[in-house]
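Coordinates in review
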Amino acid sequence: MYLVPDATVLINHLQAIKMLLSKPTHIIIIPQAAIDLLDQQKRESLGARDAIRWLEIKFRHGSRFIKAQCPHERTRLPLIKYPKRKDKEAWEWYQIVECCHYLSAQVQQNSITVKTASDSTDCRETPTQFHFHSLWPHPSCRRSIGTH
């Protein structure tokens, strides 16, 4: 199973990601959008700095269970109206979903699941939980594609 976390998960739930990696049942793909956001937030966020440092170590040592998204690992979403780039949160989410769409197409014949992980800010759950979404848009993006 592929897991594609967003930057918020890497910042707030790095321990959970490390735990998943300690029992390699998932291949974790770090999307470029998440890396870019971590890089932007590293001056103000200790969690972002910790995530960046940890990712640098993991990428340097190499692992078949965690890797950065390659530039070609994205597929445009068909029949979907994209948000404007000014809506950074929605735009970043679409970039992550494009990565998931690419991975899904690559592994479709092998019945491997591709999931995104994002922090839920509008659910009434404890802040230590994060949620898996099977290629479903972020709540702020649902209006763009006509779902609620």
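Residues numbered from 1 in each chain as written. Predicted model: local features only at pLDDT ≥ 70, side-chain atom pairs only at ≥ 80, totals over all residues. Heavy atoms only, no water.

1. Describing the overall build of the chain
Put simply, the rule reads: Secondary structure counts use DSSP, requiring at least four H or I residues in a row for a helix and at least two E residues in a row for a strand, with both numbered from the N terminus. The contact criterion used is simple: two residues touch if any of their non-hydrogen atoms lie within 4.5 Å. Residue-level accessible areas treat just the shown protein chains as cover; the underlying method is Shrake-Rupley with a 1.4 Å probe.
The number of helices and strands found in the chain is 6 helices and 5 strands. Ordered by position from N to C terminus, the α and β elements of the chain give β-α-α-β-α-α-β-α-β-β-α. Across the chain, the fraction of contacts at a sequence separation of at least 24, relative to all contacts at a separation of at least 6, is 63%. When the accessible surface of the chain is summed, it comes to about 9,200 Å², and 51% of that surface belongs to carbon and sulfur atoms.

2. A few points about the pattern of salt bridges
Stated precisely, the cut-off is as follows: Throughout this description, the term salt bridge denotes a Lys or Arg side-chain nitrogen within 4 Å of a carboxyl oxygen of Asp or Glu. Relative accessibility thresholds used throughout: buried, under 20% of the residue-type maximum; exposed, over 50%; partly exposed, between the two (1.4 Å probe, protein chains only).
For the coordinates displayed, the defined rule picks out 4 salt bridges. Taking the shortest distance from any N to any O, the salt bridge between Glu73 and Lys67 comes out at 3.0 Å. On the basis of relative accessible area, Glu73 is assigned to the buried category, the value being 9%. Judged by relative accessible area, Lys67 falls into the partly exposed class, the value being 28%. Note that Glu98 is salt-bridged to Arg74, the shortest N-O span being 2.7 Å. Here Glu98, found in helix H5 (residues 88-107), pairs with Arg74, found in the loop between strand E3 (66-68) and H5; they are 24 residues apart in sequence, far enough to count as distant.

3. Considerations on the pairing of strand E2 (residues 27-30)
Convention followed: Only strands joined by at least two bridges in the DSSP assignment are considered to pair.
In terms of strand pairing, strand E1 (residues 2-5) meets E2 through 2 bridges, oriented parallel. Across the sheet, the residue bridging to Leu3 is Ile28, located in E2. Where E2 and E3 come together, 3 bridges link them in parallel fashion. Residue pairing in the sheet places Ile30 in a bridge with Ala68 of E3.

4. Regarding the confidence of the model for the chain
Definition in use: Each residue carries a pLDDT score, the predictor's confidence in it, ranging from 0 to 100.
Of the residues in the chain, 72% reach a pLDDT of 70 or more, and the chain-wide mean stands at 78. In the model, residues 121-148 has pLDDT below 50 throughout and makes 54 contacts with residues more than four positions away in sequence or in other chains.

5. A look at helix H2 (residues 14-22)
Applied cut-off: The directions from the helix axis to the C-beta atoms form the arc being described.
Here H2 has its buried residues at Leu14, Ile17, Leu20 and Leu21. What you see down the axis of H2 is that its buried residues fit within an arc of 120 degrees, all on one side. Of the residues in H2, the exposed ones pointing more than 90 degrees away from the buried face are Gln15, Met19 and Ser22. Against E1, helix H1 (7-12), E2, helix H4 (46-61) and E3 lie the buried residues of H2.

6. A short note on the nonpolar core
Here is the rule: Here, the term nonpolar core denotes a set of buried Ala, Val, Leu, Ile, Met, Phe, Trp, Tyr and Cys residues that are joined through side-chain atoms within 4.5 Å.
Membership of the largest hydrophobic core comes to 21 residues, with the highest contact counts inside it found for Leu10 and Leu38. Listing elements by their share of this core, those giving two or more residues are H1, H2, E2, helix H3 (32-41) and H4. It is H4 that contributes the most residues to this core, 5 residues altogether. Apart from residues no more than four positions distant in its own chain, Leu38 is found in contact with Ala7, Leu10, Ile11, Ala48, Ala51, Ile52 and Leu55. By size, the runner-up hydrophobic cluster in this structure holds 10 residues, among which are Val4, Ile29, Cys100 and Tyr102.

7. Digging into the packing of H2 against H4
Rule in force here: Lines fitted to C-alpha atoms define the axes, with helix axes restricted to the stretch in contact, and inter-axis angles between N-to-C directions lie between 0 and 180 degrees. Roughly parallel refers to an angle under 35 degrees, roughly antiparallel to one over 145, roughly perpendicular to one between 65 and 115, and oblique to any angle outside these ranges. Classification convention: Asp, Glu, Lys, Arg as charged; Ala, Val, Leu, Ile, Met, Phe, Trp, Tyr, Cys, Pro as nonpolar; all other residues, Gly among them, as polar.
Orientation of H2 relative to H4, taken along the N-to-C sense of each, is 20 degrees, at an axis distance of 11 Å. On the basis of their axis angle, the class for H2 and H4 is roughly parallel. Between H2 and H4, the residues in contact are Leu14, Ile17, Lys18 and Leu21 and Asp50, Ala51, Trp54 and Lys58, respectively. Taken together, the residues of the contact of H2 with H4 sort by class into 5 nonpolar, no polar and 3 charged.

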